[in-house]
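# Topology and contacts: notes
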Amino acid sequence: MPTTMEDVTAKTGAIEIDPKSGLALKPTMEKGKVSEGEAKITETAEEKPNCTNEAKTEEEKKEKSGQEKEATVKEEEVPVEVEPKTGVSFPVKLEDGMQLKAVGLRKKSMLGMGLKIYGFGIYADNEKLKDLMQSKIGKAPSKPTKEMYQMVIDSDFGMIVRLVIVFSNLTINMVRKNFDEGLGAAIKKLTGGKNEELTKKIMGEASDDIKLTSGSVIEISRLPGYVLQTKVKGEIVSKVESELLCRAFIYMYLGDDPFDKEAKEKFGASMVSMF
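Residues numbered from 1 in each chain as written. Predicted model: local features only at pLDDT ≥ 70, side-chain atom pairs only at ≥ 80, totals over all residues. Heavy atoms only, no water.

## Brief notes about the sheet that holds strand 6 (residues 217-223)
Stated formally: Pairing between two strands requires that DSSP report at least two bridges joining them. In DSSP terms, a helix is any run of H or I states spanning at least four residues, a strand is any run of E spanning at least two, and both are numbered starting from the N terminus. Axes, fitted as lines to C-alpha atoms, cover a helix only where it is in contact. Angles between the N-to-C directions of the axes lie from 0 to 180 degrees. The contact criterion used is simple: two residues touch if any of their non-hydrogen atoms lie within 4.5 Å.
Strand order in this open sheet of 6 strands is 3-4-5-6-7-8, and the pairing throughout is antiparallel. The open sheet is flanked by strand 3 (99-110) and strand 8 (235-241), the only strands paired with a single partner. Neighbour-to-neighbour, the strand axes of the sheet open up by a mean angle of 20°, direction not taken into account. In this structure, strand 6 lies alongside strand 7 (residues 227-232), joined through 6 bridges in antiparallel fashion. The residue of strand 7 that forms the bridge with Glu-219 is Lys-231. The strands touched by helix 9 (residues 261-272) within the sheet are strand 3, strand 4 (113-124) and strand 5 (159-165), with strand 3 carrying the most contacts at an inclination of about 165°.

Here it is in structure tokens:
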């Protein structure tokens, strides 16, 4: 189709001519378009979010959340009682609801020296202990009686004795021998005779390979139904159903010749306070 004068004029207007050479120069970007491009670049820069500030804000949120969680944990921490001769701490209440009644120390004479073997805490089902005292003892006593201790020894409500090792060179074999002697003496006091087969059951199948260090925990529980359960470092090593064994075990701590007389007296004071 033939080109009109108007078409030529329109095209010529879009091309810049060098006045000296008469040649067409390369087209330049129109001023308006440059400004528009610059405006777009500026606008994009302004719209781009500040990543550094957002990261800081996120970190601050996490830090605040962590502080709030830490505060919550501290609020839920259970108070402890410290056994003064060893410095071992015992929570005043266990997860199963058992309450701490007394703390004490088990010492052993070796080579003429009194060695500290373990600190212990005696726990009991508080409601069951209270019911026992109030049902059997009519009037509130001024101090604990032998009858009250004997009721606890002979009963089958839940109790736990938690042992925390403080003698660093203690072995499972030494623990086993210690219980054999203590339980043997307690059974003889209660029955007038021996029962070596029964005393050996308390440590059950605990392997001599189990390493005991300072801070290791052994828990021996008297469960309802006269069941004596032993845990070493959280692992159950024996579970024996025997009324005599249960009575003998509690007798070692609350009987006539307890491992720690002060601990026995503290337990007695807790019984009196229930009236």
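Continuing now.
## Description of helix 8 (residues 243-254)
For an α-helix, 3.6 residues make a turn, and residues three or four places apart therefore share a direction. Worth spelling out the cut-off: Take the residue count of a helix, subtract one, and multiply by 1.5 Å to get its expected span. Remark: exposure states derive from per-residue accessible area (1.4 Å probe, protein chains only) relative to the maximum for the residue type, with buried under 20%, exposed over 50%, and partly exposed in between.
Compared with an ideal rise of 1.5 Å per residue, which puts 12 residues at 16 Å, helix 8 spans 16 Å between its outermost C-alpha atoms and is within 8% of the ideal. Burial of helix 8 is extensive: 10 of the 12 residues sit out of reach of the surface. Along helix 8, the residues classified as buried are Leu-245, Cys-246, Arg-247, Ala-248, Phe-249, Ile-250, Tyr-251, Met-252, Tyr-253 and Leu-254.

## Considering the side chain of Asn-126
The residue Asn-126 is located in helix 4 (residues 126-136) in this model. The buried category is assigned to Asn-126, whose relative accessible area is 16%. In contact with Asn-126, not counting residues within four places along its chain, are Gln-99, Lys-101 and Met-274.

## A short note on the confidence of the model for the protein chain
Test applied: Each residue carries a pLDDT value, the predictor's own confidence for that position, ranging from 0 to 100.
Of all residues in the protein chain, 72% have pLDDT values of 70 or greater, and the mean over the chain is 81. Between residues 27-48, whose pLDDT stays under 50, and residues either more than four places distant or in other chains, the model counts 1 contact.

## Focus: the pattern of salt bridges
This is how the line gets drawn: A pairing counts as a salt bridge when a side-chain nitrogen of Lys or Arg comes within 4 Å of a carboxyl oxygen of Asp or Glu.
Across all of its chains, the model carries 7 salt bridges by this definition. The partner of Asp-154 in a salt bridge is Arg-247, and the shortest N-O contact between them spans 2.9 Å. Of this pair, Asp-154 sits in helix 5 (residues 146-154) while Arg-247 sits in helix 8, and the two are 93 residues apart along the sequence. Overall, the relative accessible area of 29% leaves Asp-154 in the partly exposed class. Measuring nitrogen to oxygen at the nearest pair gives 3.2 Å for the salt bridge that ties Arg-176 to Asp-208. Within this pair, whereas Arg-176 is found in helix 6 (residues 172-191), its partner Asp-208 is found in the loop between helix 7 (196-199) and strand 6, the two being separated by 32 residues in sequence.

## A closer look at the nonpolar core
One broad trend across soluble globular proteins is that nonpolar side chains are buried collectively. Just so we agree on the cut-off: Nonpolar cores are built from buried Ala, Val, Leu, Ile, Met, Phe, Trp, Tyr and Cys residues. Side-chain atoms within 4.5 Å join them into one set.
Val-152, Phe-179, Phe-249 and Tyr-253 are the most contacted members of the largest nonpolar core, which has 55 residues in total. Element by element, the count of residues in this core is highest for helix 8, at 9 residues. With sequence-adjacent residues up to four places away left out, Val-152 is seen in contact with Leu-129, Leu-132, Met-133, Phe-157, Met-159, Arg-222, Ile-250, Leu-254, Phe-267 and Met-271. Ranked by size, the runner-up nonpolar core spans 9 residues in total, among them Val-88, Met-98, Leu-100 and Val-103.

## Remarks on the packing of aromatic side chains
Which entries qualify depends on this criterion: By convention, a stacked pair of Phe, Tyr or Trp rings (six-membered ring in the case of Trp) has centres within 6.5 Å and planes under 30 degrees apart, an edge-to-face pair has planes over 60 apart, and any other such pair is tilted. Cation placement over rings: the criterion is NZ of Lys or CZ of Arg within 6 Å of the ring centroid and within 35° of the ring normal.
Inspection of the entire model under this criterion finds 5 aromatic pairs. Between Tyr-118 and Phe-120, the aromatic rings sit 6.3 Å apart at their centres with planes inclined by 65°, giving edge-to-face as the arrangement. The burial state of Tyr-118 is the same as that of Phe-120; both residues are buried. A network of ring pairs unites the aromatic residues Tyr-118, Phe-120, Phe-179, Phe-249, Tyr-253 and Phe-259 as a single cluster. Here Arg-222 stacks its cationic end above the ring of Phe-157, 4.9 Å away from the centre of that ring. Seen from the ring of Tyr-149, Lys-264 lies directly overhead, with NZ or CZ sitting 4.7 Å from the centre.

## Let's talk about the environment of Thr-86
Applied cut-off: Pairs of N or O atoms are called polar contacts if they sit within 3.5 Å, as long as, within protein, a hydrogen donor faces a hydrogen acceptor (for residues adjacent in sequence, only side-chain-to-side-chain pairs).
Here Thr-86 shows up in the loop between strand 1 (80-83) and strand 2 (88-91). Judged by relative accessible area, which is 23%, Thr-86 ranks as partly exposed. Along the sequence, Thr-86 and Phe-120 sit 34 residues apart, while their C-alpha atoms lie 9.7 Å from each other. Excluding anything up to four places from it in sequence, Thr-86 contacts Leu-105, Gly-119 and Val-166. A polar atom in the side chain of Thr-86 sits 3.2 Å from the backbone nitrogen of Val-88.

## Brief notes about the side chain of Arg-106
The following threshold applies: The convention is simple: Lys and Arg are positive, Asp and Glu are negative, and His and the chain ends are not counted.
Tracing the backbone through its elements, the reader meets Arg-106 in strand 3. For Arg-106, which is buried and forms no salt bridge, the nearest opposite charge comes from Glu-181, at a distance of 5.6 Å. Within polar-contact distance, the side chain of Arg-106 engages the side chain of Asn-178 at 2.7 Å. Not counting chain neighbours up to four residues away, the residues in contact with Arg-106 comprise Leu-115, Lys-116, Ile-117, Tyr-118, Phe-120, Asn-178 and Phe-259.

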